Amino acid sequence: MESELQLIKQFEADSNWLKTNKDELREEYTNKFVAVKDEHVAGSNSDLKVLIKELKKNKINPSFVVIEFITKDRIITIY
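Residues numbered from 1 in each chain as written. Predicted model: local features only at pLDDT ≥ 70, side-chain atom pairs only at ≥ 80, totals over all residues. Heavy atoms only, no water.

## Re the side chain of Arg26
Position of Arg26 relative to the elements: it lies in helix 1 (residues 4-29). Of the polar contacts made by the side chain of Arg26, one reaches the backbone oxygen of Thr71; its length is 2.8 Å. With sequence-adjacent residues up to four places away left out, Arg26 is seen in contact with Ile70, Thr71, Lys72, Asp73 and Arg74. (Helix = DSSP H or I, 4+ residues; strand = E, 2+ residues; numbered from the N terminus. Polar contact = N/O pair within 3.5 Å; in protein donor to acceptor, adjacent residues only side chain to side chain. Contact = heavy atoms within 4.5 Å.)

## Structural notes on helix 1
Here helix 1 is 26 residues long, yet its end C-alpha atoms lie only 30 Å apart, well below the 38 Å a rise of 1.5 Å per residue gives. Listed as buried for helix 1 are Leu7, Asp14, Leu18, Asn21, Leu25, Arg26 and Tyr29. Packing partners of the buried residues in helix 1 comprise strand 1 (32-37), strand 2 (40-45) and strand 3 (66-70). Phi for Asn31, located one or two positions after helix 1, is positive at around 60°. (Expected span 1.5 Å × (residues − 1). Buried < 20%, exposed > 50% of the residue type's maximum accessible area, 1.4 Å probe, protein only.)

Below you can see the structure in the form of structure tokens.
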């Protein structure tokens, strides 16, 4: 099992990969949830519950992947 620090670093790398590649992902995955693991798309589906089931079926723990809904248009998030 990976250490907690390794998991956090991989989650951060996956988040950054998703952010960097979002425009390209938008072309193929519009209006779908996308799961990113190890800096690649591990799964996608328009239904989050189905995506989580697919990840588990492929022995991927959904708790350790970045999952984001990809919209057609860019959305600006203000924190």
